[in-house]
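# Coordinate analysis (summary)
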Amino acid sequence: MISLGELASQLDVELVGEASCNITAVATLQTAGPGQISFLANSRYRRYLTSTEASAVILRTEDRDACLGNALVSTNPYLTYARVATLLNPVARLAGSIHPSVVIEPTAEIDPDAAIAANCYIAADVSIGAGVQIGPGCVIGKGVCIAADSRLAANVSVADGVEIGQRVLIHPGVVIGSDGFGFAPDQGQWFKVPQLGSVIIGDDVEIGANTTIDRGALENTVIEEGVKLDNQLQIAHNVRIGAHTAIAGATAIAGSTTIGKRCQIGGAVGIVGHLTIVDDVHITAMSLVTGNITQSGLYSSGTPLAGNREWRKNAARFGQLDGMARRLRALEKQLKEK
Amino acid sequence: MISLGELASQLDVELVGEASCNITAVATLQTAGPGQISFLANSRYRRYLTSTEASAVILRTEDRDACLGNALVSTNPYLTYARVATLLNPVARLAGSIHPSVVIEPTAEIDPDAAIAANCYIAADVSIGAGVQIGPGCVIGKGVCIAADSRLAANVSVADGVEIGQRVLIHPGVVIGSDGFGFAPDQGQWFKVPQLGSVIIGDDVEIGANTTIDRGALENTVIEEGVKLDNQLQIAHNVRIGAHTAIAGATAIAGSTTIGKRCQIGGAVGIVGHLTIVDDVHITAMSLVTGNITQSGLYSSGTPLAGNREWRKNAARFGQLDGMARRLRALEKQLKEK
Amino acid sequence: MISLGELASQLDVELVGEASCNITAVATLQTAGPGQISFLANSRYRRYLTSTEASAVILRTEDRDACLGNALVSTNPYLTYARVATLLNPVARLAGSIHPSVVIEPTAEIDPDAAIAANCYIAADVSIGAGVQIGPGCVIGKGVCIAADSRLAANVSVADGVEIGQRVLIHPGVVIGSDGFGFAPDQGQWFKVPQLGSVIIGDDVEIGANTTIDRGALENTVIEEGVKLDNQLQIAHNVRIGAHTAIAGATAIAGSTTIGKRCQIGGAVGIVGHLTIVDDVHITAMSLVTGNITQSGLYSSGTPLAGNREWRKNAARFGQLDGMARRLRALEKQLKEK
């Protein structure tokens, strides 16, 4: 519980209304009740301001007059909401320090302020920093370093030698440091190329459930600081992702591709290998990237959804496109000559 | 082992032939031998009826005359086959009740008729119903409820507060209740938005291997009763999937999208966020859905596969399509004016 | 450490320079230092030969004169590099044999030369061959056979009855033998079809992190010898993948499809069910395959990436393609008649 006045002062936003009003939780405008604070980030939903039972609303200056009750006025209501929600919902710390069921090799160094839950395995030469929390069933490979205050949820697998920065958050089922997909052709068969690089995860990175990040072939796969990766991503060997880039679920990035800083990549995008994508590139969902992107901007590929019968007719014509273009050119020429 | 007569009476289908014939297993028409029962769901394969060594065949009335031996006549042979196969192959129960290696917090409530296999972790305030079976290596978070007769296979991770209905079947590697992908932009960086909702899984849901279902941001992610989810799906925060919808593998659904009842969604489909899709919508494999779907029916997107050389020529023309359309219009106008 | 002379003789390649030069590690041409060996597989990078500080370089005959120092001359430098890297980086064996935390059912048969790491579960009737290494947190289901020298990394789940060949390498989070996605429609609901087949993994297969391979419905899902599967793949029930085929990350293959030998399938490809693809087919990234492929060759689908504004204009015309084709034909006819 925190008072509106204290919230306003801690978050440095303007308070309109009762400073003494106590806030216990966040909620949406439609569902909030007494003691709850909500937010209006998009003026389109302003109509909910009159009916909401929230004790306070976080909103922009321009929506302030439409609000009948208490308000926190912010230039970025969604960010202010996120800060309030964080204050009201501190992350639960794992109970105890190291569960007796954890198997730890003798040369691992674990900060006394770290917590490790049941059934984990911590290999030799691992280094785990202060405030690190490792959930149940995680496997931490030989020589892995996990810096202060990082959190691993359940059943995470970190292979040998991976380096994880501070305040990194890793969701269940994530695999970091598995072998890259490297094989040399050998008379119709494949000879495995040892994957000798590692993975470096910068500070403040978040990695979604069941995402996989392969170790580099010779040099490292690198996820720079502040990168946010959603669930089910595939990041191949030697990929580098620039700081503060966000990538939505089920996107796959092939080997040795470099992605710039502050990019936003939609879900289910495919990016082939050995490309360079500059900073501040946005890519819409399910696009396929097969060449370098040298200018920031918004990029897309694909075809629009349609009823299947209509789609079949048009899709069949896709295979005739080059012919159609040539016939169109011929008609133009013919008409010009007449 | 069960006799044909007993099968016919239990499944309420017509028996043609020897009621006393004993059936021990199911098999395909091509591979079945004595004691095995097969099925013909598609008249296209009727030719196999003459050569099959199956002791009995499940088929439709219209295929009955083509069958030389014993038959069960059903209006839905595939369903009848599934029922027979279920009778002949009851699900094995886990041995014992709670394996001594399981770590259980004291406030967890576990029905004496539940079984929990080796190396699981059961957090505080968990409630596990009668007949529930949890495979090895599962992690069940704080306050999770799992209702009667649900089964979790190996290495499943269920985060805090998730509610799982009755007779739910969850395959290995599934993650339920991981944080949704929510971040507020903050001066070129991302500030994490706490994900405070949960996930509600209805009765009779099945969830395929390594599928991920994120918890809601403020309200819940909801999978209604009877939904069937294949492997490697990504279900983002606040998605709602209507009852009895089936979704094939590797499909990704972005945040806050609502999908209707009895939909059938192909594999590797991408559905962007904040959409509404009505009941009884079918979507073909690898389509991208970027707008609401307001009428039931079959939908598609994409382009057909072609030889790479031919494809390159046509794909290059895709980028000229708008120009081609304008030139076509100009030609039509010019010709009309002549 | 190994001398250049010994490398040349072991790998049967020509040595140019000092046989006594000792090699301790592999590295790229740009980063290599004394004691390290590098390789030049692509003449495009020949310029690095003059500046590299590598003690030796693996290269083709045609690049030999451009190399100032020691060289190993090979017809396939990448393959020779892979062999050298393998010699210099032998796979670490798991310490000890069976960790005391492992839970093993009494009827499992484990070769005394196998190693099983912490927190694994080995079910009844499992058979584990000589030299097999199983990483921490793996779950091996009833009756599973794992042949000699196979390695499973962390948190792998293998369901009942799966057969794994020799020298198979399985990365973390992989699931093998989960139920195929089979349901019979039953009055608007789904009735589960028991998945009674298994999965057979051939010798020398590699399976990437978090890939899923479902068991067959009645017969088996089969991955033939030498197949290389990248991360995050979805292989549905009754798929058969031919020997030495390689499939890149995030590709999904629907049920009962048969893929030939020595195919190369790009990442994020979708292949629908019940298809046959012949040997030696190559498919580019993110293509959708909806029909049989009866001739070897390179195949593609999809549309090229473009700036979003331009893409929107062209994508809108995709829905008019059939109409445009008809109008083009009409113009041609009209002009011919004039």
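Cut-offs and rules
- Residues numbered from 1 in each chain as written.
- Chains lettered and ligands numbered in written order.
- Predicted model: local features only at pLDDT ≥ 70, side-chain atom pairs only at ≥ 80, totals over all residues.
- Heavy atoms only, no water.
- Helix = DSSP H or I, 4+ residues; strand = E, 2+ residues; numbered from the N terminus.
- Rg over C-alpha atoms; globule rule 2.2 N^0.38 Å.
- Buried < 20%, exposed > 50% of the residue type's maximum accessible area, 1.4 Å probe, protein only.
- Areas by Shrake-Rupley, 256 points an atom, 1.4 Å probe, with all protein chains shown as cover.
- Contact = heavy atoms within 4.5 Å.
- Phe/Tyr/Trp six-rings, centres within 6.5 Å; stacked < 30°, edge-to-face > 60°.
- Lys NZ or Arg CZ within 6 Å of the ring centre and 35° of its normal.
- Domains from an automatic or database assignment.
- Least-squares fit on C-alpha atoms with pLDDT ≥ 70 in both.
- Expected span 1.5 Å × (residues − 1).
- Axes fitted to C-alpha atoms, helices over the stretch in contact; angles between N-to-C directions.
- Left-handed = near helix turned anticlockwise from the far one by under 90°.
- Nonpolar A, V, L, I, M, F, W, Y, C, P; charged D, E, K, R; others polar.

### Re the overall build of chain A
A count of helical and extended segments in chain A gives five helices and 39 strands. Taking 2.2 N^0.38 as the reference for a compact globule, 338 residues should give roughly 20 Å; the C-alpha atoms of chain A span a radius of gyration of 26 Å, well beyond that estimate. Structurally, chain A occupies a C-alpha span of about 85 × 65 × 35 Å along its principal axes. Taken across its 338 residues, chain A has 58% of its residues classed as buried. About 13100 Å² of surface is accessible on chain A, with carbon and sulfur atoms providing 48% of the total.

### Overview of the environment of B:Thr290
Residues and elements named next belong to chain B. One can find Thr-290 in the loop between β37 (288–289) and β38 (297–300). For the pair formed by Thr-290 and His-274, sequence separation is 16 residues and the distance between their alpha carbons is 9.5 Å. Every residue in contact with Thr-290, bar those within four places of it in the chain, is listed here: Val-272 and Leu-275.

### As for the packing of aromatic side chains
Evaluated as defined, the whole model comprises 18 aromatic pairs over all chains. Judged by centre distance (6.3 Å) and plane angle (20°), the ring pair of B:Tyr45 and B:Tyr48 falls under stacked. Exposure remark for B:Tyr45: the relative accessible area of 36% places this residue in the partly exposed category. Overall, the relative accessible area of 22% leaves B:Tyr48 in the partly exposed class. For the pair B:Phe318 and C:Phe318, a centre-to-centre distance of 6.4 Å together with 55° between the ring planes defines the contact as tilted. In this pair, B:Phe318 sits in helix α4 (residues 308–318) while C:Phe318 sits in helix α4 (residues 308–318), so the two residues belong to two different chains. Of the two residues, B:Phe318 and C:Phe318, both sit in the buried class. Over the ring of C:Phe191 we find B:Arg83; its NZ or CZ atom is 4.6 Å from the centre of that ring.

### Observations regarding the domain arrangement of chain A
Splitting chain A by domain gives domain 1 (2–88), domain 2 (103–299) and domain 3 (308–337). The C-alpha-based centres of domain 1 of chain A and domain 3 of chain A are spaced at 56 Å.

### Digging into the relation of the copies chain C and chain A
Between the two copies, chain C and chain A, the superposition gives an RMSD of 0.1 Å; the rotation angle is 120° and the shift along the axis is 0.0 Å. What the superposition gives is, in effect, a three-fold axis relating one chain to the other.

### Points about helix α3 (residues 77–88) of chain A
Counted at 1.5 Å a residue, the expected span for α3(A) with its twelve residues is 16 Å, and the 16 Å between its end C-alpha atoms agrees. When α3(A) is considered as a whole, its buried residues turn out to be A:Pro77, A:Leu79, A:Thr80, A:Tyr81, A:Ala82, A:Val84, A:Ala85 and A:Leu88.

### Thoughts on the packing of helix α5 (residues 321–337) of chain A against helix α5 (residues 321–337) of chain B
Contact geometry of α5(A) with α5(B) gives a least axis separation of 11 Å together with a crossing angle of 35°. Helix-helix and strand crossings are classified by hand; for α5(A) and α5(B) the assignment is left-handed. Two secondary-structure elements touch here, α5(A) through A:Leu321, A:Met324, A:Ala325, A:Leu328, A:Arg329, A:Leu331, A:Glu332 and A:Leu335 and α5(B) through B:Leu321, B:Met324, B:Arg327, B:Leu328, B:Leu331, B:Gln334 and B:Leu335. Here the residues of the contact of α5(A) with α5(B) are counted per class, giving eleven nonpolar, one polar and three charged.

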